[in-house]
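Structural overview for review
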Amino acid sequence: MRILIALMGVGALAFTACQSGSKPTESLEKSFEQARLAEDYNTAVSLLTQMASEDTSSDWVLDTLSFYQYFYQVTPGMVRNTKTPMYWINKALDKKPGNAFLLDMKAKLYLEEGKDTQSLAIFTELYQRSQDYTYYWDIAFIETARGNATMADSMISEALKSADIASKTVRLENLQARIREEVPANAALLYLNALIYNGRGDMIKAAEALQEALKIKPNFFAAQKGIYDLQRAAAQQMPQRR
């Protein structure tokens, strides 16, 4: 019902704009800005979709719609249909092939679909092109998820020994919590190390790695959540008092 009302509002805005002599797209852009500021993402997506339907739409419309579909159209705790964000990302890539921002989202959607090989290929190409540690982290994460913990562990150890690691950053995101954060690369790699330890059942070393990451970045959301999850798991394993 909310989306229907939003779409009706879009139609009314477009009609009013035509009547007043202003361009419909300009009116929609103003409405989108208001929806963005209000964090009304469903309305924002509807307005962007309306603008994207025009052949003369600017590149920013497709880029922004791709991001909003990928990042904001997620229901916590539920598996989503990836076809919609993938459609808009591919449409934007038709205009800007090789765009790192769009390819990054496409690779992550591939992971959601269980297509780790395709995802790994994109992240590998992006890292080779830019030497951005974000993509290095993504590659190591995929290897971890694949069960290649030894390879991931080797990648992490090698990166942590790098002379410039302290000056590098990694961009991480949590779609369920709608959080994006940029953290020091060494903290991000220690967090990934914790995931590997946890996968091996070594909760103590996992907790130590997370604490080290939090020393570097105290408000590191992923590491904070990791500590909370470990504490909850430990509490569940404790024998219940009679």
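Residues numbered from 1 in each chain as written. Predicted model: local features only at pLDDT ≥ 70, side-chain atom pairs only at ≥ 80, totals over all residues. Heavy atoms only, no water.

The number of helices and strands found in the protein chain is 12 helices and 2 strands. Across the 242 residues in the protein chain, those meeting the buried criterion constitute 42%. Sequence-distant contacts, at least 24 apart, represent 52% of the contacts inside the protein chain between residues at least 6 apart. A total accessible area of about 13,700 Å² is found for the protein chain, and carbon and sulfur atoms account for 53% of it. (Helix = DSSP H or I, 4+ residues; strand = E, 2+ residues; numbered from the N terminus. Buried < 20%, exposed > 50% of the residue type's maximum accessible area, 1.4 Å probe, protein only. Contact = heavy atoms within 4.5 Å. Areas by Shrake-Rupley, 256 points an atom, 1.4 Å probe, with all protein chains shown as cover.)

As a further point, take unusual backbone geometry. For Gln131, which is not a glycine, the phi torsion comes out positive at approximately 60°. Inspection of the secondary structure assignment puts Gln131 in the loop between helix 7 (116–130) and helix 8 (133–145). A positive phi angle, near 55°, is found at Arg178, a position not held by glycine. With respect to the helices and strands, Arg178 occurs in the loop between strand 1 (169–174) and strand 2 (179–184).

With that settled, consider the packing of helix 11 (residues 203–216) against helix 12 (residues 221–237). Helix 12 packs onto helix 11 with a crossing angle of 155° between their chain directions and a minimal axis gap of 9 Å. On the basis of the axis angle, helix 11 is roughly antiparallel to helix 12. Like other packed secondary-structure pairs, helix 11 and helix 12 cross with a definite hand, here left-handed. Within the contact between the two elements, helix 11 uses Met203, Ala206, Ala207, Leu210, Gln211, Ala213 and Leu214 and helix 12 uses Ala223, Gln224, Gly226, Ile227, Leu230, Ala233, Ala234 and Gln237. Looking at the contact of helix 11 with helix 12 residue by residue, the classes come out as 11 nonpolar, 4 polar and no charged. (Axes fitted to C-alpha atoms, helices over the stretch in contact; angles between N-to-C directions. Parallel < 35°, antiparallel > 145°, perpendicular 65-115°, else oblique. Left-handed = near helix turned anticlockwise from the far one by under 90°. Nonpolar A, V, L, I, M, F, W, Y, C, P; charged D, E, K, R; others polar.)

Let us look at the nonpolar core. Grouped together as the largest cluster of nonpolar side chains are 71 residues, with contacts concentrated most on Tyr68, Trp137 and Phe220. If you tally residues by element for this core, the top one is helix 10 (residues 185–199), at 9 residues. (Core = buried A, V, L, I, M, F, W, Y, C linked by side-chain atoms within 4.5 Å.)

Position of Thr82 among the secondary structure elements: in the loop between helix 4 (59–71) and helix 5 (83–95). Given a relative accessible area of 9%, Thr82 falls into the buried group. Setting aside residues up to four positions removed in sequence, Thr82 forms contacts with Leu109, Glu112 and Glu113.

Tracing the backbone shows Ile179 in strand 2. Its relative accessible area of 25% is what places Ile179 among the partly exposed residues.

The subject of this paragraph is the pairing of strand 1. By the alternation rule, side chains of strand 1 split into Val170, Leu172 and Asn174, which are all buried, and Thr169, Arg171 and Glu173, of which none is buried. Pairing analysis gives 6 bridges linking strand 1 to strand 2, with the strands arranged antiparallel. Note that in strand 2 the partner of Val170 across the bridge is Val183. Linking two consecutive strands that pair antiparallel, namely strand 1 and strand 2, is a turn of 4 residues; a positive phi of about 55° is found at Arg178 within it. (Pairing = 2+ DSSP bridges.)

Moving on, we get to the layout of surface pockets. The probe, sized like a water molecule, is rolled over the atoms to show the empty space still left. Estimates place the volume of the largest pocket at around 1,100 Å³. Lining of the largest pocket is provided by 36 residues; of these, Phe141, Glu173, Asn174, Leu175 and Tyr191 occupy positions nearest its centre. No other element matches helix 12, which puts 7 residues into the lining of the largest pocket. By residue class, the composition of the lining of the largest pocket is 20 nonpolar, 6 polar and 10 charged. (1 Å grid on protein atoms, 1.4 Å probe; cavity = no way out; pocket = protein on both sides within 12 Å on 5 of 7 lines; lining within 4 Å. Points joined across faces, edges and corners; volume = space filled by probe spheres on them.)

With their axes 13 Å apart at the nearest point, helix 6 (residues 100–112) and helix 8 run at an angle of 10° to one another. As summarised for this structure, helix 6 and helix 8 are arranged roughly parallel, according to the angle between their axes. Along the contact surface, helix 6 presents Ala100, Asp104, Lys108 and Leu111, while helix 8 presents Tyr135, Asp138, Phe141 and Ile142. Of the residues in the contact of helix 6 with helix 8, the class split is 5 nonpolar, no polar and 3 charged.

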